[in-house]
Amino acid sequence: MPNKKESILLVGVITGLVVVLASFIPTAGDIIGCLAYIGAGMLVVWHYVDKHSVTLTGGQGIGLGVLACLAASVTSLVLDAALRALAIKPSWQEEMRQSMEQGGADISQLGGFMTSPGFLVVMIGIGLVLLSVIAGVIGGVIGSKVFKGGEEEKAEANTSDLI
């Protein structure tokens, strides 16, 4: 089977960039980010199938989708950290504080637990793994069912000629 790294890295970097740019959109940015991860699972399968004229099984599509979403997560974390270091985005703690205040939470009652660096690391880790795996599975399965290449495409074309 041909090398998958090119498709995974290309789609991962593009999706990571889209997710970071979407994070600047209040409220809708989170939804756009989730959809971008599912789209990454589909896009990586499409790119790989189109480039190599092969058909992937559901399991192969899932594998590609998950790896592309993990690459997207790493890319978005690196870009996000760079934007925070350049003060283009507020720090994690400040962003959490702002979102809690907008939600009506009293920061003094939370005691700083939710703005601690440890909490943020755990939440990022859980989000990275869960979002990447779940979205990669969904997108990979959809992509492997929708995008087919090689002999199956030719067989379908021949069958439709007979009808």
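Just so you know, these numbers come straight off a predicted model, no measurement behind them.

Description of the overall build of the chain
Alright, step 1. Regarding its fold elements, the chain presents seven helices and zero strands.
Alright, step 2. By residue count, 30% of the 163 residues in the chain fall in the buried class.
Alright, step 3. Counting contacts in the chain only where the partners sit at least 6 residues apart, residues at least 24 apart contribute 72% of the total.
Alright, step 4. About 9,400 Å² of surface is accessible on the chain, with carbon and sulfur atoms providing 70% of the total.

Some remarks on the layout of surface pockets
Alright, step 1. Roughly 1,200 Å³ of internal volume is contained in the largest pocket.
Alright, step 2. Every residue lining the largest pocket is counted, 33 residues in all, and those nearest its centre are Ser-23, Asp-30, Arg-84, Trp-92 and Glu-95.
Alright, step 3. Breaking the lining of the largest pocket down by element, the ones donating at least two residues are α1 (5-22), α2 (28-52), α3 (58-85), α4 (92-102) and α6 (117-146).
Alright, step 4. Element by element, the count of residues in the lining of the largest pocket is highest for α6, at seven residues.
Alright, step 5. For the lining of the largest pocket, the class distribution of residues is 18 nonpolar, ten polar and five charged.

Examining the side chain of Arg-84
Alright, step 1. Within the secondary structure layout, Arg-84 lies in helix α3.
Alright, step 2. A distance of 2.6 Å separates the side chain of Arg-84 from the side chain of Asp-80, its partner in a polar contact.
Alright, step 3. Excluding anything up to four places from it in sequence, Arg-84 contacts Lys-89, Pro-90, Ser-91, Trp-92 and Glu-95.

Some words on the nonpolar core
A general trend in soluble globular proteins is that nonpolar side chains are found buried together.
Alright, step 1. Counting 18 residues, the largest nonpolar core has Tyr-37, Val-44, Val-45, Leu-56 and Leu-64 as its most contacted members.
Alright, step 2. For this core, the elements supplying multiple residues, two or more each, are α1, α2 and α3.
Alright, step 3. The biggest single contributor to this core is α2, with seven residues.

Here we look at unusual backbone geometry
Alright, step 1. Unusually for a residue other than glycine, Ser-53 sits at a positive phi of about 50 degrees.
Alright, step 2. Looking at the secondary structure, you find Ser-53 in the loop between α2 and α3.
Alright, step 3. Look at Ser-53 and you get partly exposed, because its relative accessible area is 47%.
Alright, step 4. One non-glycine residue, Ala-87, lies in positive phi territory at about 65 degrees.
Alright, step 5. Tracing the chain through its elements places Ala-87 in the loop between α3 and α4.
Alright, step 6. Accessibility expressed as a relative area gives 64% for Ala-87, which makes it exposed.

Overview of the packing of α1 against α3
Think of two packed helices as two axes; the pair is described by the angle between the axes and how far apart they sit.
Alright, step 1. For the pair α1 and α3, the least separation of the axes is 7 Å and the interaxial angle reads 45 degrees. Here α3 runs oblique to α1, going by the angle between their axes. For α1 against α3, the interelement crossing comes out right-handed. Of the residues in α3, those touching α1 at Ile-8, Val-11, Gly-12, Val-13, Thr-15, Gly-16, Leu-17, Val-19 and Val-20 are Leu-64, Leu-67, Ala-68, Ala-71, Ala-72, Thr-75, Ser-76, Leu-79, Asp-80 and Leu-83.
Alright, step 2. Of the residues that constitute the contact of α1 with α3, the class distribution is 13 nonpolar, five polar and one charged.

Rules behind the numbers
Residues numbered from 1 in each chain as written. Predicted model: local features only at pLDDT ≥ 70, side-chain atom pairs only at ≥ 80, totals over all residues. Heavy atoms only, no water. Helix = DSSP H or I, 4+ residues; strand = E, 2+ residues; numbered from the N terminus. Buried < 20%, exposed > 50% of the residue type's maximum accessible area, 1.4 Å probe, protein only. Contact = heavy atoms within 4.5 Å. Areas by Shrake-Rupley, 256 points an atom, 1.4 Å probe, with all protein chains shown as cover. 1 Å grid on protein atoms, 1.4 Å probe; cavity = no way out; pocket = protein on both sides within 12 Å on 5 of 7 lines; lining within 4 Å. Points joined across faces, edges and corners; volume = space filled by probe spheres on them. Nonpolar A, V, L, I, M, F, W, Y, C, P; charged D, E, K, R; others polar. Polar contact = N/O pair within 3.5 Å; in protein donor to acceptor, adjacent residues only side chain to side chain. Core = buried A, V, L, I, M, F, W, Y, C linked by side-chain atoms within 4.5 Å. Axes fitted to C-alpha atoms, helices over the stretch in contact; angles between N-to-C directions. Parallel < 35°, antiparallel > 145°, perpendicular 65-115°, else oblique. Left-handed = near helix turned anticlockwise from the far one by under 90°.

These figures capture arrangement, not role.
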